[in-house]
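Secondary and tertiary structure notes
One-letter residues, chain by chain:
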Amino acid sequence: MSKEQILSSDGIPLELSLKKAERKNKLKALFLVGPLLLFILITFVFPIGDMLFRSVDDRMITKMLPNTFKALETWDGKELPSEEVYKAFYDDFYPLAMAKKSGKLYQRLNYEKSGFSSGLKKTNRKIKKFEKANYKEQFMKTHKIWTKVEYWTAIKNTAPNWSYAKYLKGLDLKFDENRNIIQQDEDRRIHKILWMRTLNVAFWVTVFCFILAYPISHLLATLPMKYSNLLMICVLLPFWTSLLVRTSSWMVLLQQQGPVNDLIVWLGLAADDNRPELMYNVIGTFVAMTQILLPFMVLPLYSVMKTISPSLMRAGKSLGGTPLTSFVKIYFPLTVPGIGAGCLLVFILAIGYYITPALVGGASGSLISNTIAYHMKSSLDWAFASALGTMLLVGVLTIYWIYNKLVGIDNIKLG
Amino acid sequence: MALPNHTPWNYRIWHYTYLFFCGLVFFFLIAPLFVILPLSFNAEQYIHFSAKMLALDPEGFSLRWYEDMIYGTKNPWGLATKNSLIIAFFATIGSTLLGTVAALGLSSRHMPYKAAFMALLISPMIVPLIISGTAIFFFMAKVGLAATHTGIIIAHIILGTPFVVITVTATLTGFDHSVTRAAASLGSNPVNTFRKITLPLIMPGVISGALFAFVTSFDEVIVVLFLAGLENTTIPIQMWVGLREQLSPTILAVATCLIIMSTLILVSAELLRRRSDRLRGINR
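Quick summary incoming for the structure in this document. (Residues numbered from 1 in each chain as written. Chains lettered and ligands numbered in written order. Predicted model: local features only at pLDDT ≥ 70, side-chain atom pairs only at ≥ 80, totals over all residues.)

For the rest of this paragraph, the subject is the overall build of chain A. Across its full length, chain A carries 19 helices and two strands. For 415 residues, the compact-globule estimate of 2.2 N^0.38 gives 22 Å, and chain A exceeds it by more than 25% at 32 Å. Counting over 415 residues, chain A shows a buried share of 37%. Considering only intrachain contacts with a sequence separation of at least 6, the fraction spanning at least 24 residues in chain A is 66%. (Helix = DSSP H or I, 4+ residues; strand = E, 2+ residues; numbered from the N terminus. Rg over C-alpha atoms; globule rule 2.2 N^0.38 Å. Buried ≥ 20, exposed ≤ 12 C-beta atoms within 10 Å, placed from the backbone. Contact = placed C-beta atoms within 7 Å.)

As structure tokens, then:
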């Protein structure tokens, strides 16, 4: 047999023509995905990259104090810097003070070492009257921070353009004067507690959701359609209802004079004048989040359980297994993908939860998201908010990655 | 679920315990929503059941909080409703268009790196909202769209598209591609085939995706909280502000309206799902 090529009707080899058609189809598919892909890249993926960038970006202060940093390059850090350095600082600070743009500098340097804010504010007021000589003396007379080596070391430490100090702060660590990483002072260690609390709440909410969702998903999957459709409404109505509506109903229920407390008093579990605080603490966060996230556990479990044939359990029984062994050895293993999907969904939603903890959590029930929002809206430390956000994002993506390795990501379903 | 007569007593107890537990969980799920309804008709300014309400005295009930919601001078609900509807409307259209077209491409068997593209396109659903909010805020501030309707609409399109992509792709997995080839062989051009064959078949998926996108936008707080100025306030923002200050009966009236709306959405989503199953059943 000769190696003759098969030709299509227009004389081109079939292989080539097939490849051409394939390529055309591929391009067509890419063309369809293109608009959304571009949109998501520009408005979502790049901004998240920008957020990463912001969390390590420390160039603002470099731009504000160029002369000072240059003069400090040769400073050995043992004694107070020379007159030149003070003059360089004057050259940098005087225009800032005149243009009333020094606010950001106080803020930045005060993150580095507290005391800068008051020192710089005073210098800001006095600098107009400085004579154009003897800078060192005049600075030292203005405020005591200029007489201390630590403050100059702190300024020198801010010279690099990039800094991961915000990440250290998110883990309750910090740099000391010699750039060693040390623990934050005892009374300022708040973030580790927050991370632990967030993980704790997410974990227990997932566990509670699982315990509550497993039996009802089983019931929904085994009842005849007629009844299960009706009961499904109990799951789907909260699912479609506004998060704020559900949170406000919990605020009504859990308040001091609310129905739940009435019930507790009526049952005699607490005295009327000593009603327990159910809201503005972790209890409120737990209860409300469990109810709000429960549908996300029920739906994947239900869709997996629906596919398990009841004859399997009957077969188990007919082979002599008790209901318990049939359940443990047959039914439960078959529901594992559903459990995985449900737990993943609930855990990840819970770990980034904001609204409910902010409204019913109070101070002791607030989570990491609340801190991120606080730094975004109130303290305006956007770099720190970005660093915390990046840490949370890395955590979430790691969980996804592990889940994908263990169970496979593509069995997440909606409803 | 009646038990057979010969069931031993210990299984019987176990079975009823199980049913009782399930009943409690269903109650836990649904009851909180129904607490709001009667309280929104409270005649007094408190948000707990008054003695008159418990005695079912008609004087204990009134519509004053609904009047306050609509006519109250200080209440921003009118503006909030208008904004919410405008934003949700455009966000839904945007997400549905972009998402459906992308889902068509993703479902093609010629699509390269399907899993990677899919992961990228549904990433806004995976990333915690507080992070999306932060990142989108930086972006909008940079391009000058912070505190504008356009900015919020774009943000909500980002958050809504994953739902459309997922529901439409799910509808397309049961899709029999030979019908489009049949149409082509009968002389139909691709546009007509899409309009007359593909679209009607995937319509339930498209609409339920659109419903998801609408609800996502209508209910979204965090991103709007970062982006919105006073002019762009929405219903969820007003509820958030109100709940932070003080739980007022007017908020419960708004919540009741929202519950009625979600019931309507639930019913339509359910009808669509059944229709989709039926349509795909014919295809198989």
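When you go through chain B residue by residue, the secondary structure sums to 13 helices and zero strands. Counting from the amino terminus, helix and strand elements in chain B follow one another as α-α-α-α-α-α-α-α-α-α-α-α-α. Against the 2.2 N^0.38 benchmark of 19 Å for 284 residues, chain B shows a C-alpha radius of gyration of 24 Å, more extended than a compact globule. With respect to the principal axes defined by its C-alpha atoms, chain B has extents near 75 × 75 × 35 Å. Buried positions account for 44% of the 284 residues belonging to chain B. For chain B, the proportion of contacts with a sequence separation of at least 24, taken over those separated by at least 6, is 75%.

Residues and elements named next belong to chain A. You can see T241 is positioned in the loop between α11 (225-240) and α12 (243-254). A residue is classified by how many C-beta atoms lie within 10 Å of it, and T241, with 25 of them, is buried. Along the primary structure T241 and K156 are separated by 85 residues, whereas in three dimensions their C-alpha atoms are 54 Å apart.

Listed as interface residues are 65 residues of chain A and, on the opposing side, 66 residues of chain B. Those elements giving two or more residues to the side of chain A that touches chain B turn out to be α1 (14-56), α10 (191-222), α11, α12, α14 (282-305), α17 (355-360), α18 (368-377) and α19 (382-406) of chain A. Among the elements that take part in the side of chain A that touches chain B, α1 of chain A stands out by supplying 19 residues, more than any other. Residue composition of the side of chain A that touches chain B, by class: 47 nonpolar, 13 polar and five charged. (Nonpolar A, V, L, I, M, F, W, Y, C, P; charged D, E, K, R; others polar.)

Positive phi, close to 60 degrees, is recorded for Y280 of chain A, a residue that is not glycine. Although it is not a glycine, A147 of chain B sits at a positive phi angle of roughly 60 degrees. Positionally, A147 of chain B belongs in the loop between α7 (129-143) and α8 (149-173). Since 15 C-beta atoms lie within 10 Å of it, A147 of chain B is described here as partly exposed.

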